[in-house]
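Each chain, written out:
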Amino acid sequence: MSSMDSTPTGTGIRPANDTAPPTALTIAGSDSGGSAGMHADLRTFFSCGVHGMTAVTAVTVQNTLGVSDMVEIPPETVAAQVESVASDIGVHAAKTGVLPSAACIEAVLAACDRQGIGRDGRTPLVLDPVAASRNGEPLLRADALAALRDEAFPRATLVTPNLDEVRLLTGIEVRDRDQLWEAAKAMHDFGPEYVLIKSGHLPEDPECVDLLFDGREAVTLPGPRYSTVHTHGAGDAFASAITAALARGAPMERAVRLGKRFVSRSVRHAYPLGSGVGPVSTFWRISSRSIQ
Ligand SMILES: Nc1ncnc2c1ncn2[C@@H]1O[C@H](COP(=O)(O)OP(=O)(O)O)[C@@H](O)[C@H]1O
Ligand SMILES: Cc1ncc(COP(=O)(O)OP(=O)(O)O)c(N)n1
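Residues numbered from 1 in each chain as written. Chains lettered and ligands numbered in written order. Predicted model: local features only at pLDDT ≥ 70, side-chain atom pairs only at ≥ 80, totals over all residues. Heavy atoms only, no water.

Keep this limit in mind: UniProt positions are given in the numbering used here, feature names are shortened, and annotations may be inferred rather than shown by experiment.
Labelled according to an unreviewed UniProt entry, the chain appears under the name Hydroxymethylpyrimidine/phosphomethylpyrimidine kinase, originating from Actinopolyspora mzabensis. Of the chain, the UniProt comment under Pathway (unreviewed entry) reads exactly: "Cofactor biosynthesis; thiamine diphosphate biosynthesis; 4-amino-2-methyl-5-diphosphomethylpyrimidine from 5-amino-1-(5-phospho-D-ribosyl)imidazole: step 3/3."

Written out as structure tokens, the structure reads:
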């Protein structure tokens, strides 16, 4: 798929010296339980050798049983975080997680535009359209979904919906692998450069085969399906591993393949925590090594 090699590499401001790693920014919510959101993103960036930075959008009260409350950060503070790190440190690739309101989305997009992050800038923007927790607790206001679709999607280099988000945004109910293509085409019509449809929510399928689509060609991303309930943070780990690979200069197809390998291993090494759903292990690369 030659057209998939056209992904811009983020430039931002170059690191101050040759020893500085590439940088990646997550614009996302916090998870007090440490499994999902910006916590998963930062661990993934670290595991992938990238300096991680944050623009916090919301604070969730969350544990392995679910989300019981959420406080939104004022949109202007979210935008100020983006501008602060981008103008000083530089961003080689960025990703979004929870963007709780239309006002937040508008402020983030304006800040990204000013900093050259997103579709027409040179820095790739990965948009994970997080709409709800796994238990269905909403992570955005009613007005945010339309703003995501109409304003944010056209500015994204890549969008990474799961099948619940596909249904919310397109009305398409994906029941098996053969329908991923139809979903990808419908999502691509909203304007992003690339679409990645995640297939974790097809429990009857013996494999987890995701689909990358650039508007013309599709690439399937095969992977094993592990028998575990502990998949909290899988979507965040996948999107942030892709973002880290983009920050390191990988073209899109390669970045998504690296991300898929990373998330598959993370699910394989997932661990139980609390009395609910445990996290995927975003630090599987280092967890077997001694710190002594
Ligand atoms: N049980 C599993 N075994 C292996 N990979 C999985 C499993 N569940 C999800 N994945 C993978 O994790 C990534 C996130 O998928 P998904 O669960 O659909 O998204 P989200 O976490 O956003 O709901 C995808 O690459 C998916 O294929
Ligand atoms: C703060 C915060 N951000 C994102 C999520 C959703 O996590 P994700 O990995 O996309 O999906 P699930 O693990 O919830 O299926 C969250 N819960 N909290």
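More follows now that the structure is in view.
1. Let's talk about the packing of aromatic side chains
Condition: Think of it this way: a Phe, Tyr or Trp ring, Trp meaning its six-membered ring, pairs with another when their centres are within 6.5 Å, and the plane angle makes it stacked under 30 degrees, edge-to-face over 60, tilted otherwise. Numbering of helices and strands runs from the N terminus; a helix is a DSSP stretch of H or I covering at least four residues, while a strand is a stretch of E covering at least two. Only protein chains enter the accessibility calculation, which uses a 1.4 Å probe. A residue is then buried if its area is under 20% of the maximum for its type, exposed if over 50%, and partly exposed in between.
Inspection of the entire model under this criterion finds four aromatic pairs. Measuring from centroid to centroid gives 5.0 Å for Trp181 and Phe213, while their planes differ by 75°, and the two rings are edge-to-face. Linking Trp181 in helix H6 (residues 180-188) with Phe213 in strand E8 (residues 210-213), this pair joins segments that are 32 residues apart in sequence. Trp181 gets classed as partly exposed once you look at its relative accessible area, which sits at 37%.

2. Remarks on the UniProt feature "domain: Pyridoxamine kinase/Phosphomethylpyrimidine kinase" (unreviewed entry) in the chain
Within this structure's numbering, the places UniProt gives as "domain: Pyridoxamine kinase/Phosphomethylpyrimidine kinase" (unreviewed entry) are residues 31-280. Taken end to end, residues 31-280 is 39% helix and 17% strand, and its first and last C-alpha atoms sit 14 Å apart.

3. Re the site of ligand 1
The criterion, for reference: The criterion for a residue being near a molecule or strand is simple. One of its heavy atoms has to lie within 4 Å of it. Definition of a polar contact: a pair of N or O atoms within 3.5 Å, with one able to donate and the other able to accept a hydrogen when the atoms are protein atoms, and with sequence-neighbouring residues admitted only if both atoms are side-chain atoms. Exposure was quantified through the Shrake-Rupley algorithm and a 1.4 Å probe, taking into account, for residues, occlusion by the shown protein chains and nothing else. Classification convention: Asp, Glu, Lys, Arg as charged; Ala, Val, Leu, Ile, Met, Phe, Trp, Tyr, Cys, Pro as nonpolar; all other residues, Gly among them, as polar.
The environment of ligand 1 is made up of 16 residues, and the closest members are Lys198, Gly200, His201, Asp210 and Tyr226. Contacts to ligand 1 include Tyr226, whose backbone N or O atom sits 2.8 Å from a nitrogen atom. Here an oxygen atom of ligand 1 sits 3.0 Å away from a polar atom, N or O, in the side chain of Lys260. When ligand 1 sits alone it has 550 Å² of accessible area, and the protein chains cover 91% of it. Listing elements by their share of the shell around ligand 1, those giving two or more residues are helix H7 (234-247) and helix H8 (252-268). Residues that form the shell around ligand 1 fall into these classes: seven nonpolar, five polar and four charged.

4. A look at a positive patch on the surface
Stated formally: Only residues above 30% relative accessible area that lack a salt bridge enter a patch, with like-charged residues linked at up to 9 Å and the nonpolar side chains Val, Leu, Ile, Met, Phe, Trp and Tyr linked at up to 5 Å. Take a side-chain nitrogen of Lys or Arg and a carboxyl oxygen of Asp or Glu: if they are within 4 Å of each other, that pair is a salt bridge. In this charge count, Lys and Arg are treated as positive and Asp and Glu as negative; neither His nor the chain ends contribute. For charged residues, the charge sits on one atom: NZ in Lys, CZ in Arg, CG in Asp, CD in Glu.
Taken together, the side chains of Arg248, Arg254, Arg261, Arg265, Arg268 and Arg285 define a basic patch exposed on the protein surface. Within the secondary structure layout, Arg248 lies in the loop between H7 and H8.

5. So, the sheet that holds strand E9 (residues 218-221)
What counts is decided by this rule: Strand pairing is defined by DSSP finding a minimum of two bridges between the two strands.
Spatially, the nine strands line up as an open sheet ordered E3-E2-E1-E4-E5-E6-E7-E8-E9, and their pairing is mixed. Each edge of the open sheet carries a strand with a single partner, namely strand E3 (66-72) and E9. Bridge count for strand E6 (residues 158-159) against strand E7 (residues 194-197) is two bridges, and the pairing is parallel. Following the sheet pairing, Val159 is matched in E7 by Val195.

6. Here's the deal with the side chain of Asp210
Applicable threshold: The criterion used for residue contact is that any of the two residues' heavy atoms lie within 4.5 Å.
Following the sequence through the fold, Asp210 ends up in strand E8. There is a polar contact of 2.9 Å between the side chain of Asp210 and the side chain of Lys260. If we skip the residues at most four places from it in the chain, Asp210 touches Leu196, Ile197, Lys198, Ser199, Val219, Thr220, Leu221, Phe238 and Lys260.

7. Focus: the nonpolar core
Filter applied, for reference: In this text, buried Ala, Val, Leu, Ile, Met, Phe, Trp, Tyr and Cys residues form a nonpolar core when linked through side-chain atoms within 4.5 Å.
Within the largest apolar cluster, 47 residues are counted, with the highest numbers of intra-cluster contacts made by Leu25, Ile27, Val82, Ile105, Leu148, Val166 and Ile197. For this core, the leading source of residues is helix H3 (residues 102-114), giving eight residues. Look past the residues within four positions of Val82 in its chain and what remains in contact with it is Leu25, Ile27, Ala55, Ala111, Cys112 and Ile117. Residues Val126, Leu212, Val219 and Phe262 belong to the second largest nonpolar core, which totals 31 residues.

8. Side note on H3
Quick note on the threshold: A helix is expected to span 1.5 Å multiplied by its residue count minus one.
Under the 1.5 Å per step criterion, the end-to-end length of H3 is 18 Å for 13 residues, consistent within 8% with the ideal 18 Å. Within the span of H3, buried status applies to Ala102, Cys104, Ile105, Ala107, Val108, Leu109, Ala111 and Cys112. On the buried face of H3, the contacting elements are strand E1 (23-31), strand E2 (51-63), helix H2 (75-88) and helix H4 (142-152).

9. Brief notes about the environment of His201
Tracing the chain through its elements places His201 in the loop between E7 and E8. Residue classification places His201 among the partly exposed residues on the basis of a relative accessible area of 42%. Residues His201 and Thr60, spaced 141 residues apart in sequence, show a C-alpha to C-alpha distance of 23 Å. For His201, the contacting residues outside a window of four places in its chain are Asn162, Leu163 and Asp164. At a separation of 3.2 Å, a polar atom in the side chain of His201 contacts the side chain of Asp164.

10. Structural notes on the side chain of Thr57
With respect to the helices, strands and loops of the structure, Thr57 is situated in strand E2. Judged by relative accessible area, which is 0%, Thr57 ranks as buried. In terms of polar contacts, Thr57 uses its side chain to reach the backbone amide nitrogen of Gly29, at 3.3 Å. With residues near it in sequence (within four places) discarded, Thr57 still touches Ile27, Ala28, Gly29, Glu72, Ile73, Val78, Val98, Leu99, Pro100 and Cys104.

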